[in-house]
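Read off the chains here:
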Amino acid sequence: MEEQKQKLKILETLRHSASHLLAAAVLEMWPETKLGIGPAIENGFYYDFDFKEPITEADLPKIEEKMAEIKKRNLTITCREVLINEAKEIFKDQPFKLELINDLEKDEGIKKVSLYKLGSFEDLCRGPHLENSNLIGPFKLLSLAGAYWKGNEKNKMLTRIYGTSFSSQKELDSYLNFLKEAELRNHRKIGKDLDLFSINENVGPGLILWHPKLSATREVIEEYWRKEHRKRGYQYIYSPHIGLDNLWKTSGHLDFFEEGMYPPMLMESKDKKEKTRYFIKPMNCPFHILIYKNRPRSYRELPIRYCELGTVYRYEESGVLNGMLRVRGFTQDDAHLIVREDQFVEEVNKVLDFALELNKAFGFDKLKVYLSLRDPENKDKYVGSEENWQLAEKTLKEILEKRKVEYREDVGGAKFYGPAIDLKAVDSLGREWQGTTIQLDFNEPQKFEMTYIGKDGKEHAPIMLHRTLLGSMERFVATLIEQYAGAFPVWLAPVQVKVIPISEKNLEYGKKITEKMIEENIRVELDDRDERMQAKIRDAEHEKVPYMLIVGAKEERGNAVSVRMRGEKDLGPQAFSDFFKQISEDIDKKRQV
RNA sequence: GCCUAAGUAGCUCAGUCGGUAGAGCAUUCCCUUGGUAAGGGAAAGGUCUCGGGUUCGAUUCCCGACUUAGGCUCCA
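Residues numbered from 1 in each chain as written. Chains lettered and ligands numbered in written order. Predicted model: local features only at pLDDT ≥ 70, side-chain atom pairs only at ≥ 80, totals over all residues. Heavy atoms only, no water.

### A look at the overall build of chain A
Thought 1: Across its full length, chain A carries 18 helices and 28 strands.
Thought 2: With the C-alpha coordinates aligned to their principal axes, the bounding extent of chain A is approximately 90 × 75 × 55 Å.
Thought 3: Residues counted as buried form 50% of the 593 residues belonging to chain A.
Thought 4: In chain A, once contacts between residues fewer than 6 apart in sequence are set aside, the share between residues at least 24 apart is 71%.
Thought 5: Just so you have it, chain A exposes about 31200 Å², and 49% of that area is on carbon and sulfur atoms.
Thought 6: Distance between charge centroids for chain A: 2 Å, based on 95 positive and 100 negative side chains. (Helix = DSSP H or I, 4+ residues; strand = E, 2+ residues; numbered from the N terminus. Buried < 20%, exposed > 50% of the residue type's maximum accessible area, 1.4 Å probe, protein only. Contact = heavy atoms within 4.5 Å. Areas by Shrake-Rupley, 256 points an atom, 1.4 Å probe, with all protein chains shown as cover. Lys, Arg positive; Asp, Glu negative; His and termini not counted. Charge placed at Lys NZ, Arg CZ, Asp CG, Glu CD.)

### Considering the environment of Ile502
Thought 1: Within the secondary structure layout, Ile502 lies in the loop between strand S24 (497-501) and helix H15 (507-519).
Thought 2: Taking the C-alpha atoms as reference points, Ile502 and Glu531, 29 residues apart in sequence, are found 9.0 Å from one another.
Thought 3: If we ignore the near neighbours within four places in the chain, the residues touching Ile502 are Met533, Ile550, Val551 and Gly552.

### Description of the packing of helix H1 (residues 2-29) against helix H2 (residues 60-72)
Two quantities define a packed helix pair, namely the angle between the helix axes and the distance between the axes.
Thought 1: Following both chains from N to C, one finds H1 and H2 inclined at 110°, their axes separated by 9 Å at the closest point. Between H1 and H2, the angle falls in the class roughly perpendicular. For the pair H1 and H2, contact is made by Ala18, Leu21, Leu22, Ala24, Ala25, Val26, Glu28 and Met29 and by Lys62, Ile63, Lys66, Met67, Ile70 and Lys71, respectively.
Thought 2: Of the residues belonging to the contact of H1 with H2, the class tally is ten nonpolar, no polar and four charged. (Axes fitted to C-alpha atoms, helices over the stretch in contact; angles between N-to-C directions. Parallel < 35°, antiparallel > 145°, perpendicular 65-115°, else oblique. Nonpolar A, V, L, I, M, F, W, Y, C, P; charged D, E, K, R; others polar.)

### Describing the sheet that holds strand S12 (residues 242-244)
Thought 1: The three strands are arranged S12-S14-S13 in an open sheet whose pairing can be described as antiparallel. In this open sheet, the two strands that pair with only one neighbour each are S12 and strand S13 (265-267). Neighbour-to-neighbour, the strand axes of this sheet turn through a mean angle of 30°, independent of strand direction.
Thought 2: Of the strand pairs in this sheet, S13 and strand S14 (residues 276-280) are connected by three bridges, and their pairing is antiparallel. Its bridge partner lying in S14, Met265 is registered against Tyr278. (Pairing = 2+ DSSP bridges.)

### Side note on the protein's contact with RNA strand B
Thought 1: Close to RNA strand B lie 56 residues, the nearest being Tyr148, Ile502, Asp530, Arg538 and Glu555.
Thought 2: The share of sugar and phosphate among atoms of RNA strand B within 4 Å of the protein is 44%.
Thought 3: In the environment of RNA strand B, a base nitrogen lies 2.8 Å from a nitrogen or oxygen atom belonging to the backbone of Val327.
Thought 4: Side-chain polar atom of Ser472 to a base nitrogen of RNA strand B: 3.2 Å apart, as the coordinates give it.
Thought 5: No other element matches the seven residues that helix H16 (residues 533-542) contributes to the surface near RNA strand B.
Thought 6: Across the surface near RNA strand B, the residue classes tally to 16 nonpolar, 17 polar and 23 charged. (Near = heavy atom within 4 Å. Polar contact = N/O pair within 3.5 Å; in protein donor to acceptor, adjacent residues only side chain to side chain.)

### Here we look at the pattern of salt bridges
Thought 1: Taken as a whole and judged by the stated rule, the model has 50 salt bridges.
Thought 2: One connected set of salt bridges, linked through shared partners, spans Glu28, Lys66, Glu69 and Arg73. (Salt bridge = Lys/Arg side-chain N within 4 Å of Asp/Glu carboxyl O.)

### Concerning the domain arrangement of chain A
Thought 1: According to the domain assignment, chain A consists of domain 1 (2-180), domain 2 (198-483) and domain 3 (497-588).
Thought 2: The C-alpha-based centres of domain 2 and domain 3 are spaced at 43 Å. (Domains from an automatic or database assignment.)

### Considering the side chain of Ser372
Thought 1: In this structure, Ser372 sits in strand S17 (residues 367-373).
Thought 2: For Ser372, a relative accessible area of 1% translates into the label buried.
Thought 3: If we ignore the near neighbours within four places in the chain, the residues touching Ser372 are Asp410, Gly413, Ala414, Pro419, Ala420 and Asp422.

### Quick word on the pairing of strand S8 (residues 157-165)
Thought 1: Of the pairings in the sheet, the one linking strand S3 (residues 44-50) to S8 comprises five bridges and is antiparallel in character. Within S8, the position partnered with Phe45 by the bridge is Gly163.

### Regarding the side chain of Thr164
Thought 1: Examined against the element boundaries, Thr164 turns out to sit in strand S8.
Thought 2: At 2.6 Å, the side chain of Thr164 forms a polar contact with the backbone oxygen of Asn43.
Thought 3: Residues within four places of Thr164 in sequence aside, it is in contact with Arg15, Asn43, Gly44, Phe45, Pro138, Phe139, Lys140, Leu142, Leu172 and Tyr175.

### Digging into the sheet that holds strand S18 (residues 407-411)
Thought 1: Spatially, the eight strands line up as an open sheet ordered S11-S15-S16-S23-S20-S19-S17-S18, and their pairing is mixed. Only two strands of the sheet have a single neighbouring strand rather than two, namely strand S11 (235-236) and S18.
Thought 2: In terms of strand pairing, S11 meets strand S15 (residues 304-313) through two bridges, oriented parallel. Pairing of Gln235 across the sheet is with Tyr306, part of S15.
Thought 3: Sitting on the sheet, helix H7 (residues 212-231) is in contact with S11, S15, strand S16 (329-339) and strand S23 (463-472), with an inclination near 160° to S15.
Thought 4: Here helix H14 (residues 473-484) sits on the sheet and contacts S15, S16, strand S20 (432-441) and S23; the angle it forms with S23, its principal contact strand, is near 40°.

### What to know about the pairing of S18
Thought 1: Pairing between S17 and S18: five bridges, direction parallel. Looking at the pairing, Leu371 lines up with Glu409 of S18.
Thought 2: As a crossover connection, the stretch from S17 through helix H12 (residues 386-402) into S18 is right-handed. (Right-handed = clockwise from strand over helix to strand, strands pointing away.)

### Thoughts on the environment of Lys554
Thought 1: On the secondary structure map, Lys554 appears in helix H17 (residues 553-558).
Thought 2: What makes Lys554 exposed here is its relative accessible area of 59%.
Thought 3: Linking Lys554 and Asn506, residues 48 residues apart in sequence, is a C-alpha distance of 9.8 Å.

### A few points about the nonpolar core
Thought 1: By size, the foremost hydrophobic cluster in this structure holds 66 residues, and its most contacted members are Phe344, Phe362, Ile421, Leu480 and Leu492.
Thought 2: It is helix H11 (residues 344-361) that provides the largest number of residues to this core, a total of eight residues.
Thought 3: Those residues in contact with Phe362 that lie beyond four places of it in its chain are Ile221, Tyr224, Leu470, Phe476, Leu480, Gln483, Tyr484, Trp491, Leu492 and Gln592.
Thought 4: Counting 30 residues, the second largest nonpolar core, distinct from the first, contains Ala18, Val26, Tyr47 and Leu60. (Core = buried A, V, L, I, M, F, W, Y, C linked by side-chain atoms within 4.5 Å.)

Here it is in structure tokens:
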């Protein structure tokens, strides 16, 4: 463990020096460029520039060449400390650096700053760095992007150059390979190739059309999801897609979230002067709360667990939309748990157990846990009392610690209405995907005046938890596509079996076994095209169908099928009943095949 | 929303230094009846994203819009 940390530190230093090398190269090529910042990041490094003339991707190789040339000069990287005023003089032509120096002086009361020098390029920098340019490992510039100065959208947009560097060529190559592999698994590409979904300009950006294939998979997920919820005492409900403005005023959405909502539908009304306003729901909670509030509730009824596959619409900024991962209309696998104080810890633990089990069924054995806390610097951004926040954050922390799970605190990651536990699924390439979130809500129970009658006959305020396990059907299915590279395990595969008759003469037999499987709820297709068997196999492989059944005269005689599994060779003939037993087990046990 | 790119047949992509476009696969039809990743042939398929401008003429040049992508910011 210590050794690994040490290794990471070295890599970080190496990348940081690589970012300085990048800046040095850029300055030699375009001396008038203004510099932003250039840190090492998780998978590499970047440097932000304000170019006089914009550059393009085509310039990256040229910059790389220049970097290589500077690296070979065997330059010693030196460090010195100077007084603030001296630094201001040195960077008088670098407005962003100057701003940084001023910030350091003002906010942190710093009197001296350190400078690192690589050849003729000297940069304001905390360090540390390698000793010599020659020690910088093999590097590669990856992409060009816009980035706001200091990450603030009110500031100027700078040009960011992303790159990466490793200690050895081998490691760099394997990382570049990883990027290539990730690109192959891109759900948008696979979605098109396998006819899974589309987004149509005439419908609108961020709105998904689910094609039959992906809908079949979604249906399986939803059935499984409902079954597991029933088992755990959840009640399934349905709620409308729109609601009056009053509802959203009460919930606080019109105050806190209006720019995230689609504009209202205005209805004329004869009796009223004002138009009636309906909003499309950005969340399901108000509806769940009103079901709860439909009559008085006893402490005996709690916990109440309402769940719904609720489709919501949020007007996300156009720039954040991303295939099925970030959309404007999506179906949350939502639930609201209304619990007594004494039930809170147990219920959170139950949700965590549930989340783990569900994720496992989809091949996500590894999850990363994040505890989203309030930003203590900005307390007025949140609703709810100080005591409530402190208690809630402490309780969530204790739950995680008692479970002995490793978790990371995400300070400032809490919603305005409460802290949360978030789980990120780690996929087969090691990438993390946000899915499960368990959020406490201090806001709505109060705004909607939710109560229950306690043992003492008096009214009490319940605690409400929002939670999704999968996140949204859209994002989750996109994650699955990337996780499996489109080759879904049998239980999730849109088409589980492709029946391939060798010639027209075997078509009848093929039809017969196809119908038999349809009766047993197996998703099967008969390839009755006038094509050669080889071509049909090839197409079925491209469609990533897990089982191909080749049937010819030989099979027909023995009431058999020749089985071929996705990505493998002919497994030989077997009795149809044996195959049926096999696939039924795959499905029942949710085997990862 | 902002920065930088891209948009040609259902898909993957050529192409036109300004004279309205082509391949492979897919589709339809015909021939072929085959044993584990492409049998052969023919036909059909395009407002070259959309709207302006320049021009005798724009898919190509210029301007704008839309969509998509990589980021920033934000998030299920």
